[in-house]
Amino acid sequence: MDFELPEEYRMLKDLVRRFVDEQLMPHESETLARDASGQPPYLDAAHTRAIDAVAKDMGLIGLDAPEDTGGMDLPHIAMVGVNEELGRTVTIYTLPPDSPNLRMMAATVTERQREAYLAPYVRGETISAIGISEPGAGADPAGMRTKAVRDPGSGRGGGDEDWILNGRKIWITKADKADFTIVMAVTGEAANGRKAMTAFLVDRDAPGFSVLRRIPMIGGQETYEVAFDDCRVEAWKLLGTEGNGFAPMQLRLGTRRLEMAAWSVGAAQRALDMLIDYAPQRTTFGKPLSERQTIQNWVADAATRIHAARLMTYHCAWLLDQGRDARSEISMIKSYATEMAWEVIDRVMQAHGAMGMTKEMPLQMMAAKIRTMRIYDGPTEIHNWVVARDLLGTRG
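Now for a quick tour of the structure. Just so we're clear, the structure is a prediction, and the values are computed from it rather than from any experiment.

Each helix and strand in the protein chain was counted, giving 11 helices and 10 strands. Taking 396 residues into account, the globule formula puts the C-alpha radius of gyration at 21 Å, and the protein chain, at 22 Å, falls close to it. Along the three orthogonal principal directions, the C-alpha set of the protein chain runs to about 85 × 50 × 40 Å. When each of the 396 residues of the protein chain is scored for burial, the buried share is 52%. Put simply, 72% of the contacts in the protein chain that link residues at least 6 apart link residues at least 24 apart. Surface exposure of the protein chain reaches about 18,700 Å², of which carbon and sulfur atoms provide 52%.

The next subject is the packing of aromatic side chains. Tallied over the entire structure, the rule returns 6 aromatic pairs. Look at Phe 19 and Tyr 93: their rings are 5.9 Å apart centre to centre, the planes differ by 50°, and that puts the pair in the tilted class. Taken as a pair, Phe 19 in helix 1 (residues 7–24) and Tyr 93 in the loop between helix 4 (76–86) and helix 5 (99–106) lie far apart in primary sequence, 74 residues in all. Exposure remark for Phe 19: the relative accessible area of 0% places this residue in the buried category. A relative accessible area of 11% places Tyr 93 in the buried class. Taking the centre distance of 6.0 Å and the plane angle of 70° together, the rings of Tyr 121 and Phe 180 count as edge-to-face.

What follows deals with the pattern of salt bridges. Two side chains bearing opposite charge may form a pair once their charged atoms approach each other closely. Going through the model one piece at a time under the given rule, you end up with 33 salt bridges. Salt-bridge contacts for Asp 21 lead to Arg 88; the nearest nitrogen and oxygen are separated by 2.9 Å. Separated by 67 residues along the polypeptide, Asp 21 in helix 1 and Arg 88 in the loop between helix 4 and helix 5 bring together distant segments of the chain. In this structure, a network of salt bridges that share partners links the residues Lys 13, Arg 17, Asp 21, Glu 85 and Arg 88.

The next thing to look at is helix 1. Relative to the 26 Å expected for 18 residues at 1.5 Å per residue, helix 1 spans 25 Å between its end C-alpha atoms, a close match to the ideal helical length. Burial in helix 1 covers these residues: Tyr 9, Leu 12, Lys 13, Val 16, Phe 19, Val 20 and Leu 24. The arc that holds the buried residues of helix 1, viewed along the axis, is 120°, so those residues lie on one side. Away from its buried face by more than 90 degrees, helix 1 exposes Met 11 and Asp 14. Those residues of helix 1 that are buried are in contact with helix 2 (28–36), helix 3 (45–57), helix 4 and helix 8 (293–321).

Moving on, we come to the environment of Glu 339. Relative to the helices and strands, Glu 339 resides in helix 9 (residues 327–351). What makes Glu 339 buried here is its relative accessible area of 15%. Once the C-alpha coordinates of Glu 339 and Met 58 are considered, the two residues, 281 residues apart in sequence, prove to be 33 Å apart. Discounting residues that sit within four places of it in the chain, Glu 339 has contacts with Arg 305, Arg 374 and Thr 380.

A few words now on the pairing of strand 3 (residues 163–172). For strand 3, the tally of buried residues reaches 7 of 10 residues, placing the bulk of the element in the interior. Of the pairings in the sheet, the one linking strand 2 (residues 147–150) to strand 3 comprises 4 bridges and is antiparallel in character. Across the sheet, residue Ala 148 finds its bridge partner in strand 3, namely Leu 165. In this sheet, strand 7 (residues 222–233) lies alongside strand 3 in antiparallel orientation, the contact comprising 7 bridges. Across the sheet, the residue bridging to Lys 169 is Val 226, located in strand 7.

Let us look at the packing of helix 5 against helix 7 (residues 246–278). Helices that pack against each other are described as a pair by the angle of their axes relative to one another and the distance between those axes. Across the interface, helix 5 lies against helix 7 with an axial gap of 8 Å and an inter-helix angle of 150°. With respect to helix 7, the axis of helix 5 lies roughly antiparallel. The interaxial crossing formed by helix 5 with helix 7 has right-handed handedness. Along its contact with helix 5, which presents Ser 99, Pro 100, Asn 101, Arg 103 and Met 104, the element helix 7 presents Pro 248, Met 249, Leu 251, Arg 252, Thr 255, Arg 256 and Glu 259. Classifying every residue of the contact of helix 5 with helix 7 by side-chain character gives 5 nonpolar, 3 polar and 4 charged.

With 68 residues, the main nonpolar core has Phe 19, Leu 60, Leu 95, Ile 345 and Leu 363 as its most contacted residues. Only helix 1, helix 3, helix 4, helix 7, helix 8, helix 9 and helix 10 (363–373) provide two or more residues apiece to this core. At 13 residues, helix 7 tops the list of elements feeding residues into this core. The residues touching Leu 60, leaving out its near neighbours within four places in the chain, are Leu 12, Leu 15, Val 16, Phe 19, Ala 55, Leu 95 and Pro 96. By size, the runner-up hydrophobic cluster in this structure holds 22 residues, among which are Leu 102, Met 184, Met 197 and Leu 201.

What follows deals with unusual backbone geometry. Note that the residue after Pro 96, namely Pro 97, is joined by a cis bond; omega there is -10°. Position of Pro 97 relative to the elements: it lies in the loop between helix 4 and helix 5. For Asp 73, which is not glycine, the phi dihedral falls at a positive 55°. Take Asp 73: it is sitting in the loop between helix 3 and helix 4. One non-glycine residue, Asp 230, lies in the positive phi region at around 50°.

Locating Ser 264 in the fold gives a position in helix 7. Judged by relative accessible area, Ser 264 falls into the buried class, the value being 0%. Those residues within four positions of Ser 264 in sequence are excluded, and the remaining contacts are Ala 337, Thr 338, Met 340, Ala 341, Ile 370 and Met 373.

In this fold, Arg 282 is placed in the loop between helix 7 and strand 9 (283–284). Residue classification places Arg 282 among the partly exposed positions, given a relative accessible area of 40%. Along the backbone, Arg 282 and Ala 351 are 69 residues apart, and their C-alpha atoms lie at a distance of 9.5 Å. Once residues within four sequence positions are removed from consideration, Arg 282 is found in contact with Lys 287, Pro 288 and Leu 289.

Conventions adopted
- Residues numbered from 1 in each chain as written.
- Predicted model: local features only at pLDDT ≥ 70, side-chain atom pairs only at ≥ 80, totals over all residues.
- Heavy atoms only, no water.
- Helix = DSSP H or I, 4+ residues; strand = E, 2+ residues; numbered from the N terminus.
- Rg over C-alpha atoms; globule rule 2.2 N^0.38 Å.
- Buried < 20%, exposed > 50% of the residue type's maximum accessible area, 1.4 Å probe, protein only.
- Contact = heavy atoms within 4.5 Å.
- Areas by Shrake-Rupley, 256 points an atom, 1.4 Å probe, with all protein chains shown as cover.
- Phe/Tyr/Trp six-rings, centres within 6.5 Å; stacked < 30°, edge-to-face > 60°.
- Salt bridge = Lys/Arg side-chain N within 4 Å of Asp/Glu carboxyl O.
- Expected span 1.5 Å × (residues − 1).
- Arc of directions from axis to C-beta.
- Pairing = 2+ DSSP bridges.
- Axes fitted to C-alpha atoms, helices over the stretch in contact; angles between N-to-C directions.
- Parallel < 35°, antiparallel > 145°, perpendicular 65-115°, else oblique.
- Left-handed = near helix turned anticlockwise from the far one by under 90°.
- Nonpolar A, V, L, I, M, F, W, Y, C, P; charged D, E, K, R; others polar.
- Core = buried A, V, L, I, M, F, W, Y, C linked by side-chain atoms within 4.5 Å.

Below, the structure is given as structure tokens:
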């Protein structure tokens, strides 16, 4: 049993740390200022392009993308360190391309889709979104109502007909600027009696596709609700195989949950570092906070739980790289890491007193991001339920 990360992945983690320190941390003050003034905290297009250019020069574009599309095809364990470093900052930035949609497409695209969608995405030329959740159907895919049916009046038959989508999707990030959205829709009934889901690549200018509204979220983040009203999608833009979209969707969700765990570790580690720096400086009733037993307990507890979450995340990544079933482990790290980071950051805010409540410090944005992650991609309670039913033998 070897707990040593390969040298090349340690070097990559160090490189991303330098990238974060030099390119993202300097933007935190303006990010916090925009958030404090009620503006969206996102980087503007010019800054994003400039940072993208630096990332490209440093070799940080397409890290886990397939080699035949210009990527480096790095495994999950390499990406854990990358995302831990990205999780340290409140500057909102993603190294192109976003891994979850990337891995879902890489596992399912046809050659035509590879050229038209995947390759430009890897090069950072396009932006993607994904539509899974619906109003009234979030964590339970069985409640999905968006449907796709073939248009018998198009094409030449034999599976070449266009598809017509009708329904609503909600909580979609980047829906306003995405060049295409991966949309999950019901296309019939599977052999086990459950709904058969299929994925489609829907372009932003597809007839019948519209962004209904922007939904402001805590921490200055935003998501969108979109509609499909007789939305026409060409036959070749069906992603994967008809009726078998659930497994690729789970690949996508598993990748995002692994990312969230790594982000949580990074955020919690930064918060702990802030407490370690602050505690010896702040004096109360004649003694520095570092000599208070409560603070000492908080520091020790945070360090222990961060260490545990980091090891769990690397182990889960290793399982995925080995091609093993890691559904329970994915749920474990999604639940444990986000809850751990939430409690660590909350205690660090408490230790900073009134200053911890201000929008002049990054703690409040860190807390808001972690708070949303306790819901996104499956709330904690659902993931705990998944683990419990696997252990009790009650799945399905």
